[in-house]
Amino acid sequence: MSEVKFYYGENIPLEMHKVRIVQKLNLPPVERRLEAMKEAGYNTFLLKNKDIFMDMLTDSGVNAMSDRQQAAMMLADDSYAGSETFTKLENKIEEIFGKKYFLPTHQGRACENIIAQSLVKKDSVVPMNYHFTTTQAHITLNGGSVKEIFTDEALKLTSDCPFKGNLDIDKLIDVIESNGVENIPFVRMEAGTNLIGGQPFSLENMKEVRKVCDQYGLTLILDASLLADNLYFIKIREEQCKDMSIREITREMADLADIIYFSARKLGCARGGGICTSNEEMYMKMREYITLYEGFLTYGGMSVREMEAITVGLDETMDMDMINQGPQFIAYMTEELQKKGVPVITPAGGLGCHINAMGFVDHIPQNEYPAGVLAAAIYIISGVRGMERGTMSEQRDENGNEPLANMELVRLAMPRRVFTLSQVKYAADRIAWLYENRKLIGGLKFVDEPKVLRFFFGKLDTLSDWPTELMKKFKEDFGDSL
Ligand code: F0G
């Protein structure tokens, strides 16, 4: 795989911005980190930010904003109905995606709620390249089910496939034929496929999916939450697109989709979300739910300030100097870890650096949550907060059985333009130390397990006192240094 890189020297990503506002960080000593992890029930979602050094839980709502975004926020037009701010955003959406109608929502999963309530019925089957947690939850809540159609490459942990997020066309046709077109409300493609490691699909693949949708008269929905990363990878990895501008690639993708929705906590580097389409009938159907669940049609639960920031953020996303920052820092971190033998997902994708927990702590069985364990251990030895993306993130079936995840990953998200290179190197060095001492890490069990989306609030306990052993070794090697 040959990639055009925008690097300084061999592999040093170059920041195409300067830092003008900073926030002080706190790196508590290892004893406090251990205490904090216990208090959080070994669930990194439940840690408090004051105890965290580098928050790599997510890129959602925590990307750095630009000076232009902040300036735009001061110009926001505050009115319940008919705000000028909304018109600006609506126009920007039409300019970039070419869609006539825009429905604002408070965030990405709200779009999923509206789409699922409008289109999914009992026994509906929704084919997609891969599920996302909230997407699946909304589809099942409405009586439907998700059918993942990924290629054989998608679940290979190490690969040099440039587009692991591609949807398998033959399998798509099989799913349509075997379930019946009438039971398929739409096909969903997720850009920058989150749960397999932020992996992109190609423009070519999306065109093929569109052809199948046309053949069967099916609606194609694009989840564009992680579109920025996907655009970067299309631009550098897809031969036919190398001379196209980011705007041109975006427009081609948008033209292939009937409905586009996004979390503006990711796309647009602010906080909010939205759905756009040129299909009047679908627009009218979804519109009713916006006023019911989100807010009036000209704000949809968002503050006008955030809408101003999204408008500018979307515009800035059309710039390669901006969208290359996430993937290049992720590639740097992934390469640093690889050099030290740490098992990571390759090729490096968007969103974050993904560690293969089953390879890292291969002595821990899946029902003791290797990815959850590793996320907890990383926090204890570094103050870096990552996220479990494995069996803990799965939901029990109706009989209470726990499905084992296809992959056990720890995601170290890279909020865009937030961390410096030395911070990223610190995180990689500490994780490499943990890898050398990995046999000290033990398993976890749930002590408080919510029924829905258990990974958010569930509390766990250790099966042995491995955190204390790990801390002892840490003190031996690092003394009182943080
Ligand atoms: N779709 C994708 C692909 C996502 O990654 C997310 C959120 C959503 C939809 C839902 O958007 O959070 O604004 O409601 N992903 C976040 C994450 C939560 O950390 O990966 P939301």
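In this text the structure is predicted, and so the values were computed from the model without any measurement.

In this structure the tally under the stated criterion is 40 salt bridges. A salt bridge links Lys 171 to Asp 168; the nearest nitrogen and oxygen atoms lie 3.8 Å apart. Of the residues examined, Lys 171 reaches a relative accessible area of 32% and is grouped as partly exposed. Exposure remark for Asp 168: the relative accessible area of 17% places this residue in the buried category. Measuring nitrogen to oxygen at the nearest pair gives 3.3 Å for the salt bridge that ties Asp 362 to Lys 439. Within this pair, whereas Asp 362 is found in the loop between helix 14 (357–360) and helix 15 (370–382), its partner Lys 439 is found in the loop between helix 16 (421–436) and strand 15 (444–448), the two being separated by 77 residues in sequence. One network of salt bridges, with partners in common, ties together Arg 68, Lys 92, Glu 95, Arg 247, Asp 315 and Glu 316.

To continue, consider the packing of aromatic side chains. The tally for this structure, following the rule as stated, stands at 18 aromatic pairs. Judged by centre distance (5.0 Å) and plane angle (85°), the rings of Phe 45 and Phe 456 are edge-to-face. Taken together, the residues span a long stretch of sequence, with Phe 45 in the loop between helix 1 (30–39) and strand 3 (54–55) and Phe 456 in helix 17 (residues 454–457) at a distance of 411 residues. Pairing Phe 456 with Phe 457 gives two aromatic rings, centres 6.2 Å apart and planes at 50°, and the pair type is tilted. Look at Phe 457 and you get exposed, because its relative accessible area is 58%. An aromatic cluster is built from Phe 45, Phe 455, Phe 456 and Phe 457, whose rings are joined through pairwise contacts.

Reading the values: the criteria
- Residues numbered from 1 in each chain as written.
- Predicted model: local features only at pLDDT ≥ 70, side-chain atom pairs only at ≥ 80, totals over all residues.
- Heavy atoms only, no water.
- Salt bridge = Lys/Arg side-chain N within 4 Å of Asp/Glu carboxyl O.
- Buried < 20%, exposed > 50% of the residue type's maximum accessible area, 1.4 Å probe, protein only.
- Helix = DSSP H or I, 4+ residues; strand = E, 2+ residues; numbered from the N terminus.
- Phe/Tyr/Trp six-rings, centres within 6.5 Å; stacked < 30°, edge-to-face > 60°.

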